[in-house]
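Residue-level listing of the chains:
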Amino acid sequence: MCWVFPPSALSLPEMPRHYRPGLDVVRLAALLPVLCYHYCIEAARLGFAVPTALISRGMADWVELGLAWFFLLSGAALCLQWQGRFALRRYLAGRAAATYPAFWLGFAALFLYGEVLHGNNADIPRWRVIFSLLGLDGYLTPVTVTFYKIGEWFLGVILILYLVFPLLLWCMETQLRRRALAACMAVLAIVWPLICPAPWEAGHTVLGRLPAFALGVWFGSFLQKDAAPPKWLAAGLLVLPLLRVTAVPRLAVLLAVAAVLFWAVYAAGQRMPARFCPALRRLAGWCYGVYLVHHVLLTLVFLRFVARFNLPLAGMFPVYLAVSFALAAVLTAVSRPLGKAIKKLA
């Protein structure tokens, strides 16, 4: 997932031989606009004075770029890891080990506090907790009642895309398959936002994010060869004016822009001095944990704390980031043994 590799431990991570700091820079760069937007939009809902620019359409577009980076990064990193040596059982165990332990622990703590100790949602049949165990509760919330607490729609989408990945990797093997896949994804990126049925939002569905994930897998084939992408890819920036055309799906336009900027951010990250790489890798390894905890922390604890003590909203944002990463570090460390146990299944 944007959060593709299993989280690192609290100890100083050992640097892999072919470590690519650019991917971790993309991961962190993708996370920041999402955290900033959630911080501002939730603060505005609670009555804080928030600059309009930080909750505007323009800011939402930056968030969309970050989300597109997450899916591009997920596909690219998986392709980089598995192309030429794919093994289904090891792959599935690795994805489960990287994704479920931290999610299960976070969900279990909230479920115990809310449902078991305080009797919340007593009208929801308990069997529906299966959606939570599978990580699909946030994704299915628009169409059915679940015990959704953390993970949001993103987790369900990326888990299903993980199951599609072997097919996408197979498509990378020949030029004919790559071209057929590209044509299908281009059509999907344009058509799906126009026909996506309510109550779904196109960007919150598997089909809405499949083009970005597939494009990321293609990017991964270049990364594995240490090759640059085709120069014509830069033409993606030419579609920016189409954001003013309401009839054109914004998801498709922003994906084209995100694809160009992905390589720009990656190239900048590859110039990271080696002495900073261990810290960078550690921070990036906590990103998945941040993704899991940041919204619960923000809405249930942090903004209430800020309001109670009348603290400056802008000045508390760095504190919010620090606390989110600290909680993610703890969640990552606690869940690591369970992840190792799952990997042993392979």
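Chains are numbered independently. Their residues run from 1 in the order of the written sequence. Totals for whole chains, interfaces and linings use all residues, but because this is a predicted model, local features are given only for residues with pLDDT of at least 70 and pairs of side-chain atoms are given and counted only at 80 or more. Excluding hydrogens and water, the side-chain values take into account all heavy atoms of the structure.

Draft legend 1. Geometry of the nonpolar core. Y39, F219, F262 and L292 are the most contacted members of the largest nonpolar core, which totals 111 residues. In terms of residue count, helix 2 (residues 57–82) provides more of this core than any other element does, 15 residues in total. Sequence-distant contacts of L292, defined by excluding residues within four places in its chain, comprise A102, F103, I150, G151 and L331. Among buried residues, those of type Ala, Val, Leu, Ile, Met, Phe, Trp, Tyr and Cys that are joined through side-chain atoms within 4.5 Å constitute a nonpolar core. Whether a residue is buried, partly exposed or exposed follows from its accessible area with a 1.4 Å probe, protein chains only, as a fraction of its type maximum: under 20%, in between, or over 50%, in that order. Strands are runs of DSSP state E lasting at least 2 residues, helices are runs of H or I lasting at least 4, and numbering of each runs from the N terminus. Throughout, a contact is declared for two residues whenever any of their heavy atoms are within 4.5 Å.

Draft legend 2. Structural detail: the packing of helix 1 (residues 21–45) against helix 12 (residues 313–343). In contact at an axis separation of 11 Å, helix 1 and helix 12 are set at 125 degrees when each is read in the N-to-C sense. It follows that helix 1 is oblique to helix 12 by the angle criterion. Crossing of helix 1 against helix 12: the hand is right-handed. Between helix 1 and helix 12, the contacting residues are L28, L31, L32, L35, C36, Y39 and A43 on the first element and L313, M316, F317, Y320, L321 and F325 on the second. Residues are grouped as follows: Ala, Val, Leu, Ile, Met, Phe, Trp, Tyr, Cys and Pro are nonpolar; Asp, Glu, Lys and Arg are charged; every other residue, Gly included, is polar. Classifying every residue of the contact of helix 1 with helix 12 gives 13 nonpolar, no polar and no charged. Here an axis means a line fitted to C-alpha atoms, over the contact stretch when the element is a helix, while the angle between two N-to-C directions is reported on a 0 to 180 degree scale. For classification purposes, angles smaller than 35 degrees are called roughly parallel, those larger than 145 roughly antiparallel, those between 65 and 115 roughly perpendicular, and all remaining angles oblique. It is the rotation of the near helix from the far one that decides the hand of a crossing: anticlockwise by less than a right angle makes it left-handed, clockwise makes it right-handed.

Draft legend 3. Examining the packing of aromatic side chains more closely. A pair of Phe, Tyr and Trp rings is counted when the ring centres sit within 6.5 Å of each other, with Trp represented by its six-membered ring. The angle between the planes then sorts it: under 30 degrees is stacked, over 60 is edge-to-face, the rest tilted. Summed over all chains, the structure comprises 31 aromatic pairs. Arranged with centres 5.7 Å apart and planes meeting at 85 degrees, the rings of W82 and Y91 form a pair that is edge-to-face. Note on accessibility: W82 and Y91 belong to one class, buried. Seen from their ring centres, F305 and F309 are 5.0 Å apart, and the 50 degrees between their planes marks the pair as tilted. Residue classification places F305 among the partly exposed positions, given a relative accessible area of 38%. Clustering of aromatic rings is evident, with ring pairs tying together W218, F219, F222, W232, F262, W263 and Y266. Whether a charge sits over a ring comes down to the Lys NZ or Arg CZ being within 6 Å of the ring centre and within 35 degrees of the ring normal. Taking NZ or CZ as reference, R95 lies 5.2 Å from the ring centre of Y162, over its face.

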